[in-house]
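Descriptive analysis of the structure
The residues making up each chain are set out below.
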Amino acid sequence: MDPGGGGTVSTWIAALGQFGDAIDFIFDERESPAGGAQVGGLAETWELMWQHLKLSGVSIAIACGISVPLGLWLGHIGKGGFLAINASNVGRAVPSLALIAFFVAYIGVGFTNLMLALVLLAIPPILTNAYTGVRQVDRDTVDAARGMGMTGAQIVRRVELPLALPLIFGGIRISAVNVVATATIAPLAGVITLGDPIINVNTYGDEGRLAAAIVVALLAVVTEVSLGAVQRAVTPRGLKLERREATT
Amino acid sequence: MRTHRWLMLLMLVVAALALAACGDDDEDEGGSGGTTTEETASSGIQKDDANASTSITVGSKNFTEQKVLGEIYAQALAAAGYKVDTQLNLGDEKTALKAIEGGDIDAYPEYTGTALLSFFGAKADALPKDPQQAYEQAKEGFAEKNLTAFPPTPFTSSNEVAVTKETADKYGLTKISDLAKVDDKLTLYGSPECRQRLDCLLGLEQVYGLKFKKFTSVDIALRHEVLTKGQADVSIVFTTDPQIKREGEVLLEDDKGMFPPYNSTLVVRNDIAEKGGAELEDVVTKVNEGLTDEAMQELNARVDLDKKTPEQVAGEYLSETGLVQ
Amino acid sequence: MFQLAQLQIRKDPTESCEADNGFCPDWIADNFDRYVDPFFQHLYLTVIAMAVGFVISFALAIVAYRRRWLINPVTQVTGILYTVPSVAAFFLLLPITGRGNTTALIALVAYVLLIIFRNILTGLDNVPEETKDAGRGMGLTDRQLLWRVELPLALPEIMAGLRIAATTTVGLATLAFFAGAGGLGEQIFADITFKSNVIVAGGLAVLLAAVLDGLILLVQRLITPWTRAVAAR
């Protein structure tokens, strides 16, 4: 451990050098420290990022396909609140690594199995937010719609869904960032994503590992910011900003 | 500070476990196949307090057999009185070499074949077939790096190409070259460094001309999982793996002689080897004597099948053979 | 010349629960002690991260409560820290803080800042204006108002934030072994295909999260007797 003083300054300078090497890794191919193959470079970085996004995207899409209709329906009929709201609490208590390990031990490695685990990881925030989003729609608005002769399905589609959209996208945003983060440990389950240089540092080298960490961090931030923008875009001007944050 | 207290507590636990492993008799497996009483009042490895001035850090690579070997050497050396530290589970062979050359570790068990192919650039078509020859060549190579390679173990743990019985029956596979007729239908799973190794995918491509449908890299610990769970058609395993017999896997014959001999040799930094001198060599020789093919498979089985820790198993080896009382 | 004795070799592949990578209560009972140290390391990481995170967030929140212009920048920065995946954070910190507890703790603390900061502010903002007026009317200074009225009333929200922070920190601490800080995740990773191992290590993590959640809830009930047990959270 450095005793501090001059030691700290040189640590920071050395660190800067390492970050420089990492950036270099992203753009330039070089021979693997294990020898025999080329690693690094834009092509490989893009390939890894694509795998990462593909896994994340498919998982989130399926999770939405399950949670949004379910949450909307439960919110509409006003039942299953306990399940919908505590889904998030339970989901939060299960570590992502434990969930993936469970699937690997019981089902096996591979894209499909891992995707199932990620879908399970992504469902709770979306489900909770979809339910809460519908529940918080002003009851008078719903009654007025019913008075106008709308059927249940129409009410959901034309009244509750649009008003719940900000919260739903809030949930999607939370899930998306979680899934992108968890996809980093996908190589443990045999799926090669941006986490590969981090987990298999011997093949890619220390610069590769740091480079992957940088790209993953950027990817997560971009996901958060872009979905945040979508969330703001779907918020009707009248609703206050604070009301969007029902769960974390 | 909290950190220091935890560190001390952890070290105490490790020390306690190490002591327990060295001293305990095993309670399970009844059987008194243990120690012979006729020979020696002394146990195999004698403690010499003079050795306490020599500190040795023992490392290992990142799979079961390596961790067991690392623990065995570490515990044996500790029993001989050396000041021993361990840094097991370092990574693949290149990582371990970097660690020992850089002084992070002082010794680790390497395989003669791996050293020849991965470190010393041996050509795939000029590999020694004889284990002793392979050792001599590796020893020369290590000497150039200021590393001493101690005499090898009797057991050899080779990389091997494995398929399930079903796959072997389905395509009629007995030799590796049989794969050539169906390789475009098969997926190969191997460790991350497999792609670059002449005794792994690279060799299969160059020596046998195989071109698999897909290669997926997977953690080395999952090499049997992927085969039995059906993800992989072909997997690279070690001949001393207990899972081979257990799962009924079929090892394909290396008809083109791609795999060199893989006896394990303890590689030690020259300065430590000198300091340890004849006593160090004696400990290693005694330890190696009991490490036959059967013994190594049994030890691996105790970790992989019985789910014991490498530390426990190493202690069992040393006490069952009578090396350490 | 010393003669080595024979190692006990097994005859044939025997049927055993462990060899099948199954769920084996006997094995778990015999080997439970290998999970004890990782459990306490996990607890240590979580508690320290929460404590440090709370102190920092609290300080930030108190300052930002009066100087509203600070809220947005602090939210943005803590938001980015919250978004960066912990595994990435461990290795981004590696060149600077190396492997070990410190790196893990920094990343874990950075993650909880947003949650706790936001909840403290929300709690303070939710204090009814009338209550504050009443307090001012009684002659309380701003500082007294904060500590004697606003903060106590904000407690439920603050505790809710702590509960969320606790459960998520336990989850993230499972990845702390990447930073070289041990924890239950290291056990999971050691044999990811062995059902017993995964269940015990994972189960202990979930248990820890649940217990911490319950403890904080209990403390909340104890120190805010005037609030009725609210549903939801």
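Criteria and thresholds
Residues numbered from 1 in each chain as written. Chains lettered and ligands numbered in written order. Predicted model: local features only at pLDDT ≥ 70, side-chain atom pairs only at ≥ 80, totals over all residues. Helix = DSSP H or I, 4+ residues; strand = E, 2+ residues; numbered from the N terminus. Buried ≥ 20, exposed ≤ 12 C-beta atoms within 10 Å, placed from the backbone. Contact = placed C-beta atoms within 7 Å. Expected span 1.5 Å × (residues − 1). Pairing = 2+ DSSP bridges. Axes fitted to C-alpha atoms, helices over the stretch in contact; angles between N-to-C directions. Parallel < 35°, antiparallel > 145°, perpendicular 65-115°, else oblique. Left-handed = near helix turned anticlockwise from the far one by under 90°. Nonpolar A, V, L, I, M, F, W, Y, C, P; charged D, E, K, R; others polar.

Focus: the overall build of chain A
The number of helices and strands found in chain A is nine helices and two strands. Reading the helices (α) and strands (β) of chain A from amino to carboxyl end gives α-β-β-α-α-α-α-α-α-α-α. Its C-alpha atoms give chain A principal-axis dimensions of about 70 × 45 × 35 Å. For chain A, the proportion of its 248 residues judged to be buried stands at 52%. For chain A, restricting intrachain contacts to residue pairs at least 6 apart in sequence, the fraction spanning at least 24 positions comes to 73%.

Re the environment of Ile 155 of chain A
Residues and elements named next belong to chain A. With respect to the helices and strands, the residue Ile 155 is situated in helix H7 (residues 152-182). Take Ile 155: there are 20 C-beta atoms within 10 Å of it, and that puts it in the buried class. As a C-alpha pair, Ile 155 and Thr 112 span 43 residues in sequence and 36 Å in three-dimensional space. For Ile 155, the residues in contact, after removing those within four places along its chain, are Val 142, Ala 145, Arg 146, Met 150 and Glu 160.

Regarding unusual backbone geometry
With the exception of glycine, the majority of residues adopt a negative phi angle, and the majority of peptide bonds are in the trans configuration. Residues and elements named next belong to chain B. Notably, Asn 89 is not glycine yet its phi reads approximately 65 degrees, a positive angle. Assessed through the 15 C-beta atoms surrounding it within 10 Å, Asn 89 is described here as partly exposed. In this model, Lys 307 sits at a positive phi of 60 degrees, which is unusual for a non-glycine residue. Tracing the sequence through the fold places Lys 307 in the loop between helix H11 (293-304) and helix H12 (310-320). Overall, Lys 307 belongs to the buried group, with 21 C-beta atoms counted inside 10 Å.

Examining H11 of chain B
Its twelve residues place the ends of H11 of chain B 16 Å apart at the C-alpha level, agreeing with the 16 Å of an ideal helix rising 1.5 Å per residue. Within H11 of chain B, ten of the twelve residues are buried, which leaves it mostly tucked inside the rest of the structure.

Things to note about the pairing of strand E10 (residues 264-269) of chain B
Residue and element names in this part refer to chain B. Where burial is concerned, most of E10 is hidden: six out of the six residues are buried. Here E10 shows a buried face lined by Ser 264, Leu 266 and Val 268 and a second buried face lined by Thr 265, Val 267 and Arg 269. Note: strand E3 (residues 107-111) against E10, five bridges, orientation antiparallel. From the neighbouring strand, Ala 107 faces E10, where its bridge partner is Val 268. Strand direction decides the pairing type here: strand E4 (residues 147-149) and E10, joined by three bridges, are antiparallel. Counted as the bridge partner of Thr 148 is Val 268 from E10.

Overview of the packing of helix H6 (residues 129-137) of chain C against helix H7 (residues 142-173) of chain C
Residues and elements named next belong to chain C. Between H6 and H7, whose axes approach to 11 Å, the crossing angle comes to 160 degrees. With respect to H7, the element H6 is oriented roughly antiparallel. Viewed along their axes, H6 and H7 form a crossing whose handedness is right-handed. Contacts between H6 and H7 involve Thr 131, Lys 132, Gly 135 and Arg 136 from the former and Leu 145, Val 149 and Leu 153 from the latter. In the contact of H6 with H7, the residues fall into three nonpolar, two polar and two charged.

Some remarks on the interface of chain A and chain C
With 35 residues of chain A at the interface, the matching set in chain C holds 32 residues. Every element with two or more residues in the side of chain A that touches chain C is listed here: helix H1 (6-27), helix H3 (81-93), helix H4 (96-106), H7 and helix H9 (201-233) of chain A. A per-element tally of the side of chain A that touches chain C places H9 of chain A first, with nine residues. Classifying every residue of the side of chain A that touches chain C gives 27 nonpolar, five polar and three charged.

Concerning the packing of H9 of chain A against helix H4 (residues 86-97) of chain C
Packing of H9 of chain A against H4 of chain C brings their axes to within 8 Å, and their N-to-C directions diverge by 135 degrees. With respect to each other, H9 of chain A and H4 of chain C are oriented oblique. Seen from above, H9 of chain A lies across H4 of chain C with left-handed handedness. Together, Arg 209, Leu 210, Ala 213, Ile 214, Val 216 and Ala 217 of chain A of H9 of chain A and Ala 88, Phe 91 and Leu 92 of chain C of H4 of chain C make up the contact between the two elements.

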